[in-house]
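Observations on the model geometry
Read off the chains here:
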Amino acid sequence: MRKPNIAILGATGVVGREITKITEELEIEFESIKFLSSAKSAGSKITFKGQEYTVEEATPESFDGVDIVMASAGGETSKKFAPEIVKRGGLIIDNSSAFRMEEDVPLVIAYVNDEDLKKHKGIIANPNCSTSQLMLVLKPLQEKAKINRLLVSTYQAVSGAGLAAINELRENTVATLEDKDFENVCFKKPISFNVIPQIDVFCENGYTKEEMKVVNETKKILHLPEETPISCTAARVPVFNGHSEAVDIEFDSEITPDEVREILRESFGIVVIDNPEEFEYPTTRDASGNNPVYVGRIRKNLAFKNGISLWCVADNLRIGAALNTVRICKKVIEMELYGGKDIVNC
């Protein structure tokens, strides 16, 4: 099959630039590539594989002849352009939340539920960042024992909220240290030296949208029964990059901490750091700039029957966004699922 023509939509954003970098790192094969953005960023330059490219303004016509679009430009932009991409026989791998829970849109973590890619109708959704790292941990364990119950607490870096949030943490920290007034904009509370128990808006059930993404996306990706009890608390922490998660899992049969360590050591995309007596456990500094999900603090859960507790960290801009997007692209190419093949208009 011929090599695909590729476009990166939202190429000048934080995640878009990471997608560009990882596309080069993973040596994605393509016939041609273009970089697209809003009119505001059009005309800027991007260097890719030693060659300089001019960023183009995204229009419907931009997708003529494009086979695969890796998009990280926000939900409204994805909703605007996805029908145009599909109409032209292309495929969009979307990093926003616009299509994640649509019934006929595969929600995919590469190497977790690749078979779901075959069901695509021109749109593939990339899960939420906190869900993404969790799935690489849960999938191999689920193959050993059925998951009966799941509790997740996330400690999420500001980079998940974009460049403005990164700048706000830096500026707020300086202002606090210098005892100066500071008006926070990105967050509802000051982020420096603080932990904010809110990410996104609150739903009627008292959970935030971020927390419900973990609940709903986990069930969809792992094909868990709808009645599976899952609960999440998501907090924003004053860390520039890297999400941390405390995870409590109840299985339908006994599984020991040693078995969990062995399973995860043999699993794709996982690095186990678990020797607490020597203070060896993963932190966000271990994860930032790297591809794996790091897992440690693996122990028997004292509250659940057949329960395991663990700690995992990952670079949220990579595995939680850009890396999985590019991995999906690579899988689509390997499985020859592009080029208008078996695609219907949305």
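Rules used throughout
Residues numbered from 1 in each chain as written. Predicted model: local features only at pLDDT ≥ 70, side-chain atom pairs only at ≥ 80, totals over all residues. Heavy atoms only, no water. Helix = DSSP H or I, 4+ residues; strand = E, 2+ residues; numbered from the N terminus. Buried < 20%, exposed > 50% of the residue type's maximum accessible area, 1.4 Å probe, protein only. Lys, Arg positive; Asp, Glu negative; His and termini not counted. Salt bridge = Lys/Arg side-chain N within 4 Å of Asp/Glu carboxyl O. Contact = heavy atoms within 4.5 Å. Pairing = 2+ DSSP bridges. pLDDT = per-residue confidence, 0-100. Core = buried A, V, L, I, M, F, W, Y, C linked by side-chain atoms within 4.5 Å. Polar contact = N/O pair within 3.5 Å; in protein donor to acceptor, adjacent residues only side chain to side chain. Arc of directions from axis to C-beta. Axes fitted to C-alpha atoms, helices over the stretch in contact; angles between N-to-C directions. Phe/Tyr/Trp six-rings, centres within 6.5 Å; stacked < 30°, edge-to-face > 60°.

**A few points about the side chain of R236**
Structurally, the position occupied by R236 is in strand 10 (residues 230-236). No salt bridge is formed by the buried R236. Its closest oppositely charged neighbour is E210, at 6.1 Å. Setting aside residues no more than four positions away along its own chain, R236 makes contact with Q156, A157, V158, G160, A161, F187, I191, N194, V195, I196, I199 and H243.

**Digging into the pattern of salt bridges**
One pass over the structure, following the stated rule, counts 19 salt bridges. Of the charged contacts, one joins K118 and E115 as a salt bridge, the two residues approaching to 3.1 Å between their closest N and O atoms. One connected set of salt bridges, linked through shared partners, spans E18, K21, E25 and R318.

**Here we look at the sheet that holds strand 5 (residues 56-57)**
The strands that make up a sheet pair up through hydrogen bonds in the backbone, lying either parallel or antiparallel. The 6 strands lie next to each other as 5-2-1-6-7-8, forming an open sheet whose pairing is parallel. Two strands bound the open sheet, and with one partner strand each, they are strand 5 and strand 8 (123-125). Here strand 7 (residues 91-94) pairs with strand 8 via 3 bridges, running parallel. Note on strand 8: the bridge partner recorded for I92 is I123.

**Some remarks on the confidence of the model for the protein chain**
Mean pLDDT over the protein chain: 95, with 98% of residues reaching 70 or higher. Segment residues 341-346 is flagged for pLDDT under 50; beyond a separation of four residues in sequence, or across chains, it makes 14 contacts in the model.

**Section: the pairing of strand 11 (residues 243-251)**
For strand 11, the tally of buried residues reaches 7 of 9 residues, placing the bulk of the element in the interior. As paired strands, strand 9 (residues 147-156) and strand 11 are joined by 8 bridges and run antiparallel to one another. Looking at strand 11, one finds that L150 is bridged to I249. As judged from the 8 bridges shared by strand 11 and strand 14 (residues 307-314), these two strands associate in the antiparallel manner. Residue pairing in the sheet places D248 in a bridge with S309 of strand 14.

**Some remarks on the nonpolar core**
Core analysis: the largest hydrophobic core is formed by 89 residues, its most contacted members being L141 and L310. Element by element, the count of residues in this core is highest for helix 8 (residues 318-334), at 9 residues. V158, A165, I166 and I191 belong to the second-largest nonpolar core, a separate cluster that totals 7 residues.

**With respect to the environment of N126**
Structurally, the position occupied by N126 is in the loop between strand 8 and helix 3 (129-144). Along the sequence, N126 and A321 sit 195 residues apart, while their C-alpha atoms lie 7.2 Å from each other. For N126, the contacting residues outside a window of four places in its chain are D94, N95, S96, R100, L107, V108, G320, A321, N324, T325 and I328. Within the structure, the side chain of N126 is placed 3.0 Å from the side chain of T325, a separation counted as a polar contact.

**Here we look at unusual backbone geometry**
The residue N306 is not glycine, and still its phi comes out positive at about 55°. Position of N306 relative to the elements: it lies in the loop between strand 13 (293-300) and strand 14. Under the relative-accessibility criterion, N306 is labelled buried at 16%. A positive phi angle is found at E336, which is not glycine, with a value near 55°.

**Considerations on helix 6 (residues 257-265)**
Residues of helix 6 that are buried: V260, R261, I263 and L264. End-on view of helix 6: buried residues confined to an arc of 165°, all on one side of the axis. Projecting away from the buried face of helix 6 at angles above 90 degrees are the exposed residues D258 and E262.

**A look at the environment of M101**
Relative to the helices and strands, M101 resides in the loop between strand 7 and strand 8. For the pair M101 and D179, spaced 78 residues apart in the sequence, the C-alpha separation amounts to 45 Å. Once residues lying within four places of it in the same chain are set aside, the contact partners of M101 are N216, E217 and K220.

**Looking at the sheet that holds strand 13**
One open sheet holds the 6 strands; their spatial order is 10-9-11-14-13-12, and the pairing between them is mixed. Every other strand in the sheet has two partners, leaving strand 10 and strand 12 (270-272) as the edge strands with one partner each. Between one strand axis and the next, the sheet turns by 20° as a mean value, whatever way the strands run. Bridge count between strand 13 and strand 14: 5 bridges; the pairing is antiparallel. Residue K300 lies in a different strand from strand 14, and its bridge partner there is I308.

**Some details on the packing of aromatic side chains**
Enumeration over the complete set of coordinates arrives at 7 aromatic pairs. Where F35 meets F48, the ring centres are 5.8 Å apart and the plane angle is 65°; that geometry is what we call edge-to-face. In this pair, F35 is assigned in strand 2 (residues 32-37) and F48 in strand 3 (residues 45-48), connecting sequence segments 13 residues apart. A relative accessible area of 0% means that F35 is categorised as buried. Judged by centre distance (6.3 Å) and plane angle (65°), the ring pair of F48 and Y53 falls under edge-to-face. In this structure F48 comes out as buried when scored by relative accessible area, which is 1%. Take Y53: its relative accessible area is 17%, and that puts it in the buried class.

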